[in-house]
Amino acid sequence: QVQLVESGGGTVQPGGSLRLSCTASGITLENVAIGWVRQAPGKGREGLVCSNSDGRTDYSDSVNGRFTISRDNGKNTQFLQMNSLKPEDTAVYYCTTAPICAYDWDFWGRGTQVTVSS
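Residues numbered from 1 in each chain as written. Predicted model: local features only at pLDDT ≥ 70, side-chain atom pairs only at ≥ 80, totals over all residues. Heavy atoms only, no water.

1. Notes on the sheet that holds strand S3 (residues 18-25)
Here four strands make up an open sheet; going across it, the order is S1-S3-S8-S7 and the pairing antiparallel. For this open sheet the edge positions go to strand S1 (3-7) and strand S7 (67-72), each flanked by a neighbour on one side alone. Strand after strand, the sheet turns through a mean of 20° between neighbouring axes, direction not considered. For S7 and strand S8 (residues 77-82), the ladder comprises six bridges, and the chain directions are antiparallel. (Pairing = 2+ DSSP bridges. Helix = DSSP H or I, 4+ residues; strand = E, 2+ residues; numbered from the N terminus. Axes fitted to C-alpha atoms, helices over the stretch in contact; angles between N-to-C directions.)

2. Re the nonpolar core
Counting 25 residues, the largest nonpolar core has Leu20, Trp36, Leu48, Phe67, Leu80, Met82 and Tyr93 as its most contacted members. Element by element, the count of residues in this core is highest for S3, at four residues. Once residues lying within four places of it in the same chain are set aside, the contact partners of Leu48 are Trp36, Val37, Arg38, Asp58, Tyr59, Ser60, Ser62, Val63, Phe67, Leu80 and Tyr93. (Core = buried A, V, L, I, M, F, W, Y, C linked by side-chain atoms within 4.5 Å. Buried < 20%, exposed > 50% of the residue type's maximum accessible area, 1.4 Å probe, protein only. Contact = heavy atoms within 4.5 Å.)

3. Side note on the side chain of Gln78
Residue position: Gln78 is located in strand S8. A polar contact is formed between the side chain of Gln78 and the backbone oxygen of Thr96, at a distance of 3.4 Å. Not counting the four nearest positions on each side in its chain, Gln78 is found in contact with Leu20, Ser21, Cys22, Leu29, Ile34, Gly35, Trp36, Ile69, Ser70, Arg71, Cys95 and Thr96. (Polar contact = N/O pair within 3.5 Å; in protein donor to acceptor, adjacent residues only side chain to side chain.)

4. Examining the environment of Thr90
Position of Thr90 among the secondary structure elements: in the loop between S8 and strand S9 (91-98). Judged by relative accessible area, Thr90 falls into the buried class, the value being 19%. Once the C-alpha coordinates of Thr90 and Arg19 are considered, the two residues, 71 residues apart in sequence, prove to be 14 Å apart. Setting aside chain neighbours within four positions, we find Thr90 in contact with Ala40, Pro41, Gln113, Val114, Thr115 and Val116. Among the polar contacts listed, one links the side chain of Thr90 to the backbone oxygen of Pro87, at a separation of 2.9 Å. Within the local environment of Thr90, its side chain forms a polar contact with the backbone nitrogen of Val116, the two atoms lying 2.9 Å apart.

5. Re the pairing of S9
In terms of burial, S9 is largely enclosed, as seven of its eight residues are buried. Across seven bridges, strand S4 (residues 33-39) lies against S9 in antiparallel orientation. Among the inter-strand pairings, Gly35 is bridged to a residue of S9, identified as Thr96. The pairing of S9 with strand S11 (residues 112-116) spans three bridges and is classified as antiparallel. Residue pairing across strands places Tyr93 opposite Thr112, the latter belonging to S11.

See below:
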């Protein structure tokens, strides 16, 4: 069975940085598209980034230039480096996979809370 497990969430001050990790089992991240989605309280899901297995990556306008996705294929892990965090970044962050970025996400982690507050 496929399992995605996020880690690295927590509380950070505005302007700070945080790195989220997502370790996968039952799926080889090297062979699929990877991404991150977030959901703030009372709001819908917001796709942040998708990166195809060929390396082509697309960021949403809300995080472009601040967030960076990466992979460590040897560890079967993906990462989201988040810099210049803002209070509006407060949300539950989910790591996700898809066959390709044009498809709906097929697997989701259970989420990790990120809170940006002074």
